[in-house]
Amino acid sequence: MSPPPHKPDLEHQSGQRLSFLYSFYKHFSHYPMPPVNWFWCLGACLLAALGLMMLSGLFLAINYVPDTHQAFQAIVTIERHVPSGWLIRAIHMAGATMIFAALYLHIGRGLWYGSYKAPREFVWLTGLLLMALFMVTAFAGYVLPWGQMSYWGATVITHAIESIPFIGKPLLNFLLGGPELGDIALRRFFILHFTLGFVAVAIIALHILCLHAVGPTNPTLDSPQPKRVTRPFHPFYTIKDNIAVCVFLIIYTILIFYLPHLIEKQANLLPANSLKTPDTISPEWYLAPFFAMLRAVPSQLGGLAIAFASLLMLFALPWLDRSPKHNATYRPLVRLGWILFFTAFLTLIVAGLEPPSTWWIWLSRVALLIWFSVFLVILPYASFRERHSKGEKS
Amino acid sequence: MSTEPPFDKDNGTTPPSRRKILTASTIALGGAGACALAAPFLESLEGPGADLRKAESDDKAAIVEVDLSDLKRGDHKQIKWKNWPVFIQYRTKDMIAALKEPALKALLRDPDSKIRQQPKDAVNDYRSINPDYAILIGICTHLGCIPNFRDVKGYAHKGGFFCPCHGSQFDNAGRVLKDMPAPYNLPVPPARFIKPTILRLGESAAEPHFSMNDIQQI
Ligand code: FES
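Scoring rules and cut-offs
Residues numbered from 1 in each chain as written. Chains lettered and ligands numbered in written order. Predicted model: local features only at pLDDT ≥ 70, side-chain atom pairs only at ≥ 80, totals over all residues. Heavy atoms only, no water. Helix = DSSP H or I, 4+ residues; strand = E, 2+ residues; numbered from the N terminus. Rg over C-alpha atoms; globule rule 2.2 N^0.38 Å. Contact = heavy atoms within 4.5 Å. Lys, Arg positive; Asp, Glu negative; His and termini not counted. Charge placed at Lys NZ, Arg CZ, Asp CG, Glu CD. Pairing = 2+ DSSP bridges. UniProt positions renumbered as here; feature names shortened; annotations may be inferred. Axes fitted to C-alpha atoms, helices over the stretch in contact; angles between N-to-C directions. Parallel < 35°, antiparallel > 145°, perpendicular 65-115°, else oblique. Left-handed = near helix turned anticlockwise from the far one by under 90°. Nonpolar A, V, L, I, M, F, W, Y, C, P; charged D, E, K, R; others polar. Buried < 20%, exposed > 50% of the residue type's maximum accessible area, 1.4 Å probe, protein only. Arc of directions from axis to C-beta. Buried area = accessible area lost by both parts, 1.4 Å probe. Salt bridge = Lys/Arg side-chain N within 4 Å of Asp/Glu carboxyl O. Polar contact = N/O pair within 3.5 Å; in protein donor to acceptor, adjacent residues only side chain to side chain. pLDDT = per-residue confidence, 0-100. Core = buried A, V, L, I, M, F, W, Y, C linked by side-chain atoms within 4.5 Å. Disulfide = S-S within 2.5 Å.

Trainee: Summarise the overall build of chain A; cite the residues concerned and give the values.
Mentor: Per the secondary structure count, chain A includes 15 helices and two strands. For 394 residues, the compact-globule formula gives about 21 Å, and the C-alpha radius of gyration of chain A, at 23 Å, lands near that figure. In terms of overall dimensions, chain A has a C-alpha envelope of 65 × 55 × 40 Å along the principal axes. Long-range contacts, defined here as pairs at least 24 residues apart, represent 79% of the contacts in chain A between residues at least 6 apart. Here chain A contributes 27 positively and 17 negatively charged side chains, and the mean placements of these two sets differ by 10 Å.

So, in structure tokens, the structure goes:
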């Protein structure tokens with residue numbers, strides 16, 4: 001089972017001129033991988049999706065016009081008159097869903113297997129930074145078609161910002177370049193959306209750099225029979241990642257060709273009308289949990305603060321759970337905590353998509369309570385107990 | 001992998017390992033997928049309206065009928081066919097006679113229409129299916145400007161075309177003069193008369209399968 005140690009025989013093969021390939025061998029071909037499972041392939045899927053997003057985004061930008069009078073028509077033209085424009089746009093829209101699905105699973109895997117712990121704090125923090133970046137990018141991108149949902153979604157968010165005491169109004173003015181959503185704001189959303197894609201690439205590079213400094217977590221270390229054998233990345237994990245990316249792309253394709261109604265809302269097929277709000281405003285599913293939080297709290301500012309704090313919990317995670325154990329499978333209390341957390345997260349997604357009703361608002365409040373108690377009570381307590389009992393044993 | 005098939009020993013080579021074959025086929029398949037994915041992206045670069053342009057040119061490939069009964073001798077009209085300007089001139093007797101003059105023909109680059117710029121039935125001194133009419137696509141064969149109606153120097157009232165962009169002169173049959181920037185005669189569209197004054201553009205009696213893509217330059 002142990003792999004043959006492929007040593008790069010570069011001096012022999014290509015001489016010293018190609019010595020830069022050492023880094024490539026060290027960090028790609030020969031990178032030692034612990035026995036990780038299929039959940040570790042999500043990063044590769046995300047890279048594939050991001051590549052498609054940048055490609056399709058670039059081609060959409062060629063035909064897009066960031067102007068409130070022309071944006072909607074530009075999208076219609078892309079859909080109807082640019083050859084294959086409909087396909088490129090579908091790739092871009094479905095890409096948002098695929099990226100967030102993979103991203104949330106990727107983060108969920110990190111939670112379950114303790115990938116956030118020392119010495120991988122920077123991997124975790126750069127990853128969360130990427131998540132926040134993707135949220136902003138997705139939101140800015142959603143405004144661009146200037147349909148009814150684009151306009152009213154942007155209106156809701158800008159009003160949330162406006163509710164920040166003292167600085168809210170000037171901040172909004174500063175961000176939008178004026179008091180309301182107009183041409184200047186739309187142009188800024190476009191530039192923001194376009195630029196953040198490239199910023200994301202830079203942070204992904206940082207994320208991978210941080211990961212390669214310490215290597216991936218070994219999910220078997222906490223089990224009764226830890227496996228410490230490592231295998232070279234190539235061919236063992238190149239093949240595994242390739243298979244995962246294929247499956248990912250198949251789902252992506254099904255979404256584009258068979259479920260188009262899932263990736264674009266009906267209301268956004270109407271041009272923005274600042275005099276008529278659509279009957280129901282629902283966010284994209286990936287932002288729904290945070291939208292549900294805004295609704296669950298009766299005060300505008302309070303909702304914003306809670307949504308912000310819920311994300312801060314994730315950032316603080318490496319310091320909330322300081323037990324040396326990683327894998328939740330072997331940590332009964334933490335296991336329960338993550339199951340509760342995942343349930344709460346899914347509940348918030350549904351709650352954010354449903355039209356507001358007392359029932360869903362109360363369910364969102366329960367989910368919020370669970371969210372915070374997992375991070376602030378269950379994890380610190382479990383971690384304290386684990387460190388304590390470990391101390392007793394040693 | 002423990003035994004080698006005997007045929008390898010015959011030619012002294014080792015067969016590629018299974019992994020090599022799998023790697024190669026994976027790369028081939030992935031490459032094919034990437035090419036397939038590239039197709040819509042490259043296609044989109046044709047820009048908005050490419051479908052309309054195509055539909056229009058397909059439609060216009062269909063036949064256009066032109067009524068010429070309103071033209072008097074010497075008159076001309078300009079119509080649009082397949083998005084190209086088509087010049088139709090009802091020639092005077094003088095014009096028709098001039099087209100056969102050896103002195104004029106001596107000035108031309110391709111007086112006998114040897115280069116394929118017209119359907120077969122327009123390979124004659126008039127470059128037309130009917131000597132009474134000049135039917136030409138008004139696109140200069142140099143860089144594509146639209147020429148004006150202007151007589152050849154020294155042949156007053158005998159007709160001709162002049163391209164304002166770089167000064168190419170054509171005679172009344174669309175034949176280019178020597179030493180002009182335009183290298184070829186003006187293209188002649190496929191056409192036939194279904195009644196003495198009703199012209200059907202887009203259909204050639206002599207060459208039913210004639211296509212504008214067949215000609216040298218448009
Ligand atoms: S385009 Fe007519 S002469 Fe150049």
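Trainee: Can you explain the sheet that holds strand E7 (residues 169-170) of chain B? Please cite residues and give values.
Mentor: Residues and elements named next belong to chain B. The sheet built from three strands is open, its strands ordered E5-E6-E7 with antiparallel pairing. Edge positions in the sheet fall to strand E5 (148-149) and E7, since each has one partner strand and no second. Of the strand pairs in this sheet, E5 and strand E6 (residues 161-162) are connected by two bridges, and their pairing is antiparallel. Paired with Asn148 across the two strands is Phe162, which belongs to E6.

Trainee: So what's going on with the UniProt feature "domain: Rieske" (unreviewed entry) in chain B? Which residues, and what values?
Mentor: Under the UniProt annotation, the feature "domain: Rieske" (unreviewed entry) is placed at residues 100-200 of chain B. In residues 100-200 of chain B, the share of helix is 4% and the share of strand is 19%. The end C-alpha atoms are 26 Å apart.

Trainee: Give a detailed account of the UniProt feature "transmembrane region" (unreviewed entry) in chain B, specifying residues and quantitative values.
Mentor: This chain's UniProt record puts "transmembrane region" (unreviewed entry) on residues 21-42 of chain B. In residues 21-42 of chain B, the share of helix is 100% and the share of strand is 0%. The end C-alpha atoms are 31 Å apart.

Trainee: Kindly report on the packing of helix H5 (residues 85-112) of chain A against helix H10 (residues 233-258) of chain A, identifying the contributing residues and their values.
Mentor: All names here are of chain A. Packing of H5 against H10 leaves a shortest axis separation of 9 Å and a crossing angle of 130 degrees. One way to sum up the angle between H5 and H10 is to call them oblique. The crossing of H5 and H10 is right-handed. Seen from H5, the contacting residues are Trp86, Leu87, Ala90, Ile91, Ala94, Gly95, Thr97, Met98 and Ala102; seen from H10, they are Phe248, Ile251, Tyr252, Leu255, Ile256 and Phe257. Residue composition of the contact of H5 with H10, grouped by class: 13 nonpolar, two polar and no charged.

Trainee: Any chance you could break down helix H8 (residues 168-176) of chain A for me, citing the residues and the numbers?
Mentor: Residue and element names in this part refer to chain A. Taken as a whole, H8 has its buried residues at Gly168, Leu172 and Leu176. Taken around the axis of H8, the buried residues stretch over an arc of 50 degrees, which confines them to a single face. For H8, the secondary structure elements touched by its buried residues are helix H7 (148-162) and helix H9 (183-214).

Trainee: Mind laying out the interface of chain A and chain B, listing which residues take part and the relevant values?
Mentor: The interface of chain A with chain B comprises 16 residues on the first partner and 14 residues on the second. Summed over both sides, the interface between chain A and chain B buries roughly 1200 Å², with carbon and sulfur atoms accounting for 75% of that surface. Of all residues in chain A, A:Phe59, A:His81 and A:Pro83 give up the largest surface area on contact with chain B, accounting jointly for 40% of the area buried on that side. Here chain A is connected to chain B by zero salt bridges. The interface formed by chain A and chain B holds two residue pairs in polar contact (both at pLDDT 80 or more) in total.

Trainee: Which residues make up the environment of A:Arg120, and what values go with them?
Mentor: Inspection of the secondary structure assignment puts A:Arg120 in the loop between H5 and helix H6 (121-143). With residues up to four places along the chain from it excluded, the contact list for A:Arg120 reads A:Ser115, A:Val214, A:Gly215, A:Pro216, A:Thr217 and A:His326.

Trainee: Residue-level account of the confidence of the model for chain B, with values.
Mentor: Averaged over all residues, the pLDDT of chain B is 86; the fraction at 70 or higher stands at 90%. Prediction confidence for the complex, expressed as pTM and ipTM, is 0.72 and 0.79 respectively.

Trainee: Any details on the pairing of strand E2 (residues 76-81) of chain B? Residues and values, ideally.
Mentor: Residues and elements named next belong to chain B. The two faces of E2 differ: Lys77, Ile79 and Trp81 on one face are buried, but His76, Gln78 and Lys80 on the other face are not. Inspection of the sheet shows E2 paired to strand E3 (residues 84-90) by six bridges, in the antiparallel sense. Each residue of the ladder has a partner; that of Ile79, found in E3, is Val86. From the end of E2 to the start of E3, which pair antiparallel, there are two residues, and Lys82 there has a positive phi angle of about 55 degrees.

Trainee: Go over the nonpolar core with me, naming the residues and quoting the values.
Mentor: The tendency in soluble globular proteins is for nonpolar side chains to be buried side by side. A:Leu111, A:Met131, A:Tyr252, A:Trp338, A:Trp371 and A:Phe375 are the most contacted members of the largest nonpolar core, which totals 108 residues. Examining the composition of this core, we find that 16 residues originate from one element, H5(A), more than from any other. In this structure, A:Trp371 is in contact with A:Phe290, A:Met293, A:Ser310, A:Met313, A:Phe341, A:Phe345 and A:Leu348, ignoring residues within four places of it in sequence. One finds B:Val66, B:Leu71, B:Ile139 and B:Met212 within the second-largest nonpolar core, a separate group that totals 18 residues.

Trainee: Give me the lowdown on unusual backbone geometry, citing residues and values where you can.
Mentor: The linkage connecting A:Ala118 with the following residue, A:Pro119, adopts the cis geometry, with an omega of 5 degrees. Position of A:Pro119 among the secondary structure elements: in the loop between H5 and H6. Of note, the bond from A:His234 into A:Pro235 is cis; its omega dihedral lies within 30 degrees of zero at 10 degrees. Residue placement: A:Pro235 occurs in helix H10. Phi at B:His157 is positive, roughly 65 degrees, even though this residue is not glycine. Locating B:His157 in the fold gives a position in the loop between E5 and E6.

Trainee: For the side chain of B:Thr141, give the residues involved together with the corresponding values.
Mentor: Residues and elements named next belong to chain B. Inspection of the secondary structure assignment puts Thr141 in the loop between strand E4 (133-137) and E5. Residue classification places Thr141 among the buried positions, given a relative accessible area of 1%. Here the side chain of Thr141 touches Tyr184 through a polar contact of 2.7 Å, landing on its backbone oxygen. Every residue in contact with Thr141, bar those within four places of it in the chain, is listed here: Gln117, Phe170, Ala182, Pro183, Tyr184, Asn185, Leu186, Pro187 and Gln217.

Trainee: Give a detailed account of the state of the cysteines, specifying residues and quantitative values.
Mentor: Residues and elements named next belong to chain A. Evaluated as defined, the whole model comprises one disulfide over all chains. In this structure Cys45 is a free cysteine whose sulfur lies 6.7 Å from that of Cys41, the closest cysteine sulfur available. Overall, Cys45 belongs to the buried group, its relative accessible area being 4%.

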